[in-house]
Amino acid sequence: MLKIKKLKKIKTRFPVMLAEKALNSKQCEDLINEIKNSSSFDDMIMGGRSRINKGSKNFKRYIKKSKISKKLFTTFNNPFFFKKIQSIFKKNYKDLTWSNTYDPKKFIKNKFTNKKLMNSSELKKMYGNKYRNPSVNLDIDFSVSKSGYRLKPHRDDITRLYNFLIYLNDIPKKNGGSLTIYQKKKNTKIRSRFRRFPKISELALCKEFTPKQGSVIFFQSTPNSYHGVKRFKEHKGQKRFFIYGSYALSAPVLWKYKNVTYLPFIKPTSKKLLTSSHDSNYILNKSA
Ligand SMILES: [Fe+2]
């Protein structure tokens, strides 16, 4: 149901592809209505974003009664669709500078990223030595944001391979809520590390996407895939409706840049956090 043939490369430091009108306006309106009619949401994060997350009881209920959301979810939650996305990226980025060391062999449909609260040593224990033989799964949420929603520049969790966003309504530029893509100001050939949350002063804004109804953006979740969302302000009570998702491995991704490998390091903390909220840096593997 998603017209991914329209995906086009966007010039940035990491692989980003965009397709406009991947969904038609009727499909978008139907999806918005299904989200609007959802009686409950799983959580509210980032200053005003309500989510219905894959893995929750609420999500199951939502999918059962929401025809078009179910159709979209089924499209994404499929090993062949995942492979299609992977091959689109490989074909479009033949001189692929970033690559994933261990391709997943198994796609697990009913798996989702753990939503338990853990400290860093529990998290490391969970990943164990699955690095070399990871499986892959889809994570997805149906989201609506109100005024105040914003996301400071960051890279996503270390288990993510690809992330995607589908915008269900047009947002006027003056109302914010655009997706921002950043690059490091200093251009070094081989960087020794990539932090998950770099200082804003280290980054330069590279691209900005105003949400347009029916457009979809895919990007590879490489160590330098810095992105954020500008503070959103409702216009005449119009909220920001979108779908966010990713293909994630069962263990951290070992990213390669040309011939060098970057190893993920989870920052030690005794605080219990969501597995996807832990801070982590990618460090150049000098021993290889
Ligand atoms: Fe993100």
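Our structure is the block above this text.
Presented here is a report on the structure given in the accompanying data block. As the structure is a prediction and not an experimental result, all values here were calculated from the model.

### Quick notes on the coordination of the iron ion
When a metal carries six donors in an octahedron, the ideal angles between them are 90 or 180 degrees, while four donors in a tetrahedron ideally lie at 109.5 degrees.
In step 1: Bound to the iron ion on the protein side are His154 (NE2), Asp156 (OD) and His227 (NE2), at distances that span 2.1 to 2.2 Å.
In step 2: All donors to the iron ion come from one chain, and their sequence spacing reads H-x1-D-x70-H.

### Side note on the environment of Asn224
In step 1: On the secondary structure map, Asn224 appears in the loop between strand E14 (216-220) and strand E15 (227-229).
In step 2: Residue Asn224 is classed as buried on the basis of its relative accessible area, which comes to 11%.
In step 3: Placed 40 residues apart in sequence, Asn224 and Lys184 show a C-alpha to C-alpha distance of 8.2 Å.
In step 4: Beyond its immediate stretch of four places on either side in the chain, Asn224 contacts Arg13, Phe14, Trp98 and Phe194.
In step 5: A polar side-chain atom of Asn224 sits 3.5 Å from a polar atom in the side chain of Trp98.

### As for the pairing of strand E10 (residues 160-167)
In step 1: Of all eight residues that make up E10, eight are buried, and the element is covered over most of its length.
In step 2: Judged from the seven bridges that link them, E10 and strand E16 (residues 240-249) form a sheet pairing that is antiparallel. Bridge assignment links Phe164 to a residue of E16, and that residue is Gly245.
In step 3: Taken together, the five bridges between E10 and E14 define a ladder with antiparallel strand orientation. Of the residues in E14, the one forming a bridge with Tyr162 is Gln220.

### Regarding the pattern of salt bridges
In step 1: All chains considered together, the criterion is met by 12 salt bridges.
In step 2: Between Asp103 and Lys90 there is a salt bridge; the shortest N-O distance is 3.4 Å. Of this pair, Asp103 sits in the loop between strand E5 (98-100) and strand E6 (106-107) while Lys90 sits in helix H4 (residues 79-92), and the two are 13 residues apart along the sequence.
In step 3: The partner of Lys267 in a salt bridge is Asp279, and the shortest N-O contact between them spans 3.6 Å. A residue pair is termed long-range when its members are at least 10 positions apart, and Lys267 in the loop between strand E18 (260-266) and strand E19 (273-274) and Asp279 in the loop between E19 and strand E20 (280-284) qualify at 12 residues.
In step 4: Within this structure, Arg49, Arg51 and Asp141 form a network of salt bridges that share partners.

### Topic: the sheet that holds strand E17 (residues 255-257)
Hydrogen bonds between backbone groups are what pair the strands of a sheet, and the pairing can be parallel or antiparallel.
In step 1: With antiparallel pairing, the five strands of this open sheet are ordered in space as E5-E17-E18-E20-E12. One side of each edge strand has no neighbouring strand; the edge strands of this open sheet are E5 and strand E12 (193-195). Taken pair by pair, the neighbouring strands of this sheet meet at an average axis angle of 25°, ignoring direction.
In step 2: As defined by bridge partners, E17 adjoins E18 across three bridges and the pair is classed as antiparallel. Looking at E18, one finds that Trp255 is bridged to Tyr262.

Rules of the game
- Within any chain, residue numbers begin from 1 and follow the written order of that chain's sequence.
- Where totals are concerned, whole chains, interfaces and linings use all residues; where local detail is concerned, this predicted model gives features only for residues with pLDDT of at least 70, and gives and counts side-chain atom pairs only at 80 or more.
- Water and hydrogen atoms play no part in the side-chain values, which are based on all heavy atoms of the structure.
- The donor definition counts N, O and S atoms within 2.8 Å of each metal and applies 3.2 Å to Na, K and Ca; water is not among these atoms, so some sites may look incomplete.
- Numbering of helices and strands starts at the N terminus; helices are DSSP runs of H or I of at least 4 residues and strands are runs of E of at least 2.
- Burial status follows relative accessibility: with a 1.4 Å probe on protein chains alone, a residue under 20% of its type maximum counts as buried, one over 50% as exposed, and anything between as partly exposed.
- In what follows, a contact means two residues having at least one pair of non-hydrogen atoms within 4.5 Å.
- What qualifies as a polar contact is a pair of N or O atoms within 3.5 Å, subject to a donor-acceptor requirement within protein and to the restriction that residues adjacent in sequence count only when both atoms come from side chains.
- Each pair of strands is called paired provided DSSP finds at least two bridges between the two strands.
- When a carboxyl oxygen of Asp or Glu lies within 4 Å of a side-chain nitrogen of Lys or Arg, that pair is called a salt bridge.
- Throughout, an axis means a line fitted to C-alpha atoms (over the contacting stretch in the case of helices), and angles, computed between N-to-C directions, take values from 0 to 180 degrees.

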